[in-house]
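# Breakdown of the fold
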Amino acid sequence: GAVVSQHPSWVICKSGTSVKIECRSLDFQATTMFWYRQFPKQSLMLMATSNEGSKATYEQGVEKDKFLINHASLTLSTLTVTSAHPEDSSFYICSAPGVGYAEAFFGQGTRLTVV
Amino acid sequence: LAKTTQPISMDSYEGQEVNITCSHNNIATNDYITWYQQFPSQGPRFIIQGYKTKVTNEVASLFIPADRKSSTLSLPRVSLSDTAVYYCLVGDVSKLVFGAGTILRVKS
C-alpha cells in the first residue's frame with residue numbers, strides 16, 4: 001500500500017522555540033494532506049487540511065498563526081509549531097488520501113515534547 | 001458527518017474471535033464504513049472498508065446489515081498483538097472525524 005512518512009518521529013524543544021514536522025507521501029502524489037493532534041488517551045482531532053499550492057484550511061479553534069502549514073509540493077506538507085509551549089506537547093499525525101479518497105494513509109506520527 | 005458510537009473497551013483472550021460493533025444511525029447513502037487500528041504512539045492503520053453486506057480480507061471481516069445503521073468488525077483468533085484501539089469511521093477521507101474508538105485488550 002501507499003506510504004506516508006513523517007519526520008521526526010519525536011522531538012523535544014524548549015518553550016518559545018519553533019518546531020517543523022514533515023509529512024511526505026513516498027510513492028504517490030497528494031494534493032491534500034490532513035494534520036491531526038492526539039493527546040494521551042484521547043482520539044485524533046483534525047487540526048487542518050493542507051492543500052498543495054494554496055492555503056490550508058483550519059478547523060475551528062485551531063490557531064493558524066501558531067500552526068503554520070505549508071504544502072509546497074505534491075509529496076510534502078509541513079507543520080510548524082511556532083513559539084511552542086508545554087501545552088502544545090502532543091502526538092501529531094498526518095495523513096493523505098488514496099485514489100478516489102476511499103482510504104487514508106497515515107504517517108507514523110511525531111511526538112512533540114515542549115519543556 | 002455521520003457520528004459513530006462504539007463500546008469504550010473490550011477484553012478478550014488469545015485465540016478468541018472478537019466482534020466490535022459500531023452504530024452510525026445517520027449514515028448517508030454515499031458513505032462507506034472504514035475501520036482503522038491504532039497502536040500506542042503510531043498512526044492509525046487501515047483494516048477494512050465496506051459499503052454493505054459482508055467484506056472479508058486477510059485480517060478481518062466487516063458485517064453490515066441492510067439498513068447500514070451499524071457495522072461489526074470481526075477479528076478471528078486474536079493474538080496479544082491485536083491489543084490496540086479500533087476506530088469506526090463513516091464517510092470519505094475528505095474529512096475523517098475520529099470518535100473515541102474501542103480499546104481492545106487481548107489477554108493470554
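In the block above lies the structure referred to throughout.
## A look at the sheet that holds strand S3 (residues 33-38) of chain B
All names here are of chain B. If you walk across this open sheet you meet the five strands as S1-S9-S8-S3-S4, and the pairing is mixed. Edge strands, defined here as strands with exactly one partner in the open sheet, are strand S1 (9-13) and strand S4 (45-50). Taking each pair of neighbouring strands and ignoring which way they run, the sheet shows an average axis angle of 25°. Of the pairings in the sheet, the one linking S1 to strand S9 (residues 102-107) comprises five bridges and is parallel in character. Across the sheet, Asp11 pairs through a bridge with Arg105, a residue of S9.

## Here's the deal with the pattern of salt bridges
All names here are of chain B. A complete count under the given rule lists four salt bridges over all chains for this structure. For Arg105, the salt bridge identified is with Asp11, shortest N-O distance 3.4 Å. Of the two residues, Arg105 sits in strand S9 while Asp11 sits in strand S1, which places them 94 residues apart along the sequence. On the accessibility criterion, Arg105 (38% relative accessible area) is partly exposed. Overall, the relative accessible area of 47% leaves Asp11 in the partly exposed class. One network of salt bridges, with partners in common, ties together Asp11, Arg105 and Lys107.

## Observations regarding the nonpolar core
Judged by nonpolar contacts, the single largest core of 25 residues is most densely connected at Val4, Trp35, Phe67, Leu79, Tyr92 and Leu112 of chain A. Counting residues in hydrophobic clusters, the runner-up holds 20 residues, among them Val18, Ile33, Ile47 and Ala60 of chain B.

## A short note on the interface of chain A and chain B
Contact with chain A, which involves 19 residues of that partner, is made by 18 residues of chain B. Carbon and sulfur atoms make up 56% of the surface buried where chain A meets chain B, a total of about 1,400 Å² over both sides. At the junction of chain A and chain B, the tally comes to zero salt bridges. Linking chain A with chain B are six residue pairs in polar contact (both at pLDDT 80 or more).

## Remarks on the pairing of S9 of chain B
Residue and element names in this part refer to chain B. Residues of S9 alternate between two faces, with Thr102, Leu104 and Val106 buried on one and Ile103, Arg105 and Lys107 left unburied on the opposite face. Note: strand S8 (residues 84-90) against S9, three bridges, orientation antiparallel. Looking at S9, one finds that Tyr86 is bridged to Thr102.

How each quantity is defined
- Positions within a chain are numbered from 1, following the residues in the order the chain's sequence is written.
- Whichever chain is written first becomes A and whichever ligand is written first becomes 1, with later ones labelled in order.
- pLDDT decides what is reported in this predicted model: residues at 70 or higher carry local features, side-chain atom pairs at 80 or more are listed and counted, and totals for whole chains, interfaces and linings draw on all residues regardless.
- Calculated side-chain values reflect all of the structure's heavy atoms, with hydrogen atoms and water omitted.
- Note on pairing: DSSP must find at least two bridges between two strands before they are called paired.
- Secondary structure elements follow DSSP: runs of H or I of four or more residues count as helices, runs of E of two or more count as strands, with numbering from the N terminus.
- To get an axis, fit a line to the C-alpha atoms, keeping to the stretch in contact for a helix; angles then go from 0 to 180 degrees between the N-to-C directions.
- A pair is scored as a salt bridge if a Lys or Arg side-chain nitrogen falls within 4 Å of a carboxyl oxygen belonging to Asp or Glu.
- Per-residue accessibility, obtained with a 1.4 Å probe over protein chains only, is compared with the maximum for each type, and a residue is labelled buried under 20%, exposed over 50%, and partly exposed between these values.
- Definition of nonpolar core: a set of buried residues of the types Ala, Val, Leu, Ile, Met, Phe, Trp, Tyr and Cys, connected through side-chain atoms within 4.5 Å.
- Residue contacts are defined here by distance: any two heavy atoms, one from each residue, within 4.5 Å place the two residues in contact.
- Note on terms: buried area is the combined drop in 1.4 Å-probe accessible area of two parts once they are placed together, counting the loss on both.
- Here a polar contact is recorded for every N or O atom pair within 3.5 Å, except that within protein the pair must consist of a potential hydrogen donor and a potential acceptor, and residues adjacent in sequence are included only if both atoms are side-chain atoms.

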